Amino acid sequence: MVSARRKALERLWRGNCTVKAWRDAEDPVTHITKPKEVSLYNDLKCKLSHKTLTSSSSTGGPAIIAEQIKLSLGNEYEIPAGCKIIVTQDDVTEEYTRSGKPGIFMDHQEIVLMLFREYA
């Protein structure tokens, strides 16, 4: 059962995501098992947020500016490390990968993401 608090959070989530990973799958014709990209979850409600991080240098060098990308979604989903997460929000679709351990909260989880380059 989804709590009232969770329902309120989901009203703020304006994105959808698909989670994909490589798994061993048997070919139905040849019966040979080989790695294949499979969808673990499809069309999960989520929210993508961006935070700019700035660090200053004590040596007088240029400041380093980085961006932290965070995905909020239901805490009932187990998102494995190294998987591909395809997020569509505000008519923009981008591919990411999970870069850290998720922060688990009472009604949701937050996962720090990086832009997807390739499977680990």
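Position numbers for residues count from 1 along each chain, tracking the sequence in the order it is written. Under the rules for a predicted model, residues below a pLDDT of 70 receive no local features and side-chain atom pairs below 80 are neither given nor counted, while totals for whole chains, interfaces and linings still include all residues. Heavy atoms from the whole structure form the basis of all side-chain values; hydrogens and water molecules are not counted.

### What about unusual backbone geometry?
The phi dihedral of Asp43 falls on the positive side, at around 50°, and the residue is not glycine. Note on conventions: DSSP H or I runs of at least 4 residues are helices, E runs of at least 2 residues are strands, and numbering of each starts at the N terminus. Summarising the element assignment, Asp43 is placed in strand S2 (residues 33–55). Among the residues examined, Asp43 registers a relative accessible area of 58% and is labelled exposed. Of note in the backbone geometry, Asp90 takes a positive phi value of approximately 55° without being a glycine. Take Asp90: it is sitting in the loop between strand S4 (84–89) and strand S5 (92–98). The buried label applies to any residue whose accessible area, calculated with a 1.4 Å probe on protein chains only, is under 20% of its type's maximum; exposed applies above 50%, and partly exposed to all values in between. Its relative accessible area of 49% is what places Asp90 among the partly exposed residues.

### Points about the packing of aromatic side chains
To pair, rings of Phe, Tyr and Trp, with the six-membered ring standing in for Trp, must have centres within 6.5 Å; the planes then decide the type, stacked if under 30 degrees apart, edge-to-face if over 60, and tilted in the middle. What the rule picks out here adds up to 1 aromatic pair. Measuring from centroid to centroid gives 5.1 Å for Tyr41 and Tyr77, while their planes differ by 70°, and the two rings are edge-to-face. Residue Tyr41 is located in strand S2, and its partner Tyr77 is located in the loop between strand S3 (64–73) and S4; the two are separated by 36 residues in the primary sequence. Of the residues examined, Tyr77 reaches a relative accessible area of 24% and is grouped as partly exposed.

### Quick notes on the side chain of Lys84
With respect to the helices and strands, the residue Lys84 is situated in strand S4. Polar contact is defined as a pair of N or O atoms within 3.5 Å, subject to the rule that within protein one atom must be able to donate a hydrogen and the other to accept it, and that residues adjacent in sequence are counted only when both atoms are side-chain atoms. Separated by 3.2 Å, the side chains of Lys84 and Glu37 make a polar contact. Excluding its chain neighbours within four sequence positions, the residues that come into contact with Lys84 are Thr18, Val19, Lys20, Glu37, Glu95, Tyr96, Phe116 and Tyr119. Working rule for contacts: check all heavy atoms of both residues, and any pair within 4.5 Å makes them a contact.

### What about the nonpolar core?
Taken as a class, soluble globular proteins show a tendency for nonpolar side chains to be buried jointly. Only buried Ala, Val, Leu, Ile, Met, Phe, Trp, Tyr and Cys residues count toward a nonpolar core, and they belong to the same one when joined by side-chain atoms within 4.5 Å. Within the largest apolar cluster, 16 residues are counted, with the highest numbers of intra-cluster contacts made by Leu71, Ile85, Val87 and Leu113. Broken down by secondary-structure element, the contributors of at least two residues to this core are strand S1 (15–26), S2, S3, S4 and strand S7 (109–115).

### Some details on the pattern of salt bridges
Salt bridge, as used here, is a side-chain nitrogen of Lys or Arg placed within 4 Å of a carboxyl oxygen of Asp or Glu. For the structure on display, the rule yields 7 salt bridges. Between Arg6 and Glu10 there is a salt bridge whose closest N-O contact spans 2.9 Å. Within this pair, Arg6 and its partner Glu10 are both found in helix H1 (residues 4–12), separated by 4 residues, close to a single helical turn. The two residues Arg6 and Glu10 agree in class, both being buried. Across the pair Arg6 and Glu76 runs a salt bridge whose closest N-O atoms are separated by 3.0 Å. Pair noted here: Arg6 is in helix H1 and Glu76 is in the loop between S3 and S4, with a separation of 70 residues, a long-range link. Overall, Glu76 belongs to the partly exposed group, its relative accessible area being 45%.

The values are spatial; any link to function lies outside them.
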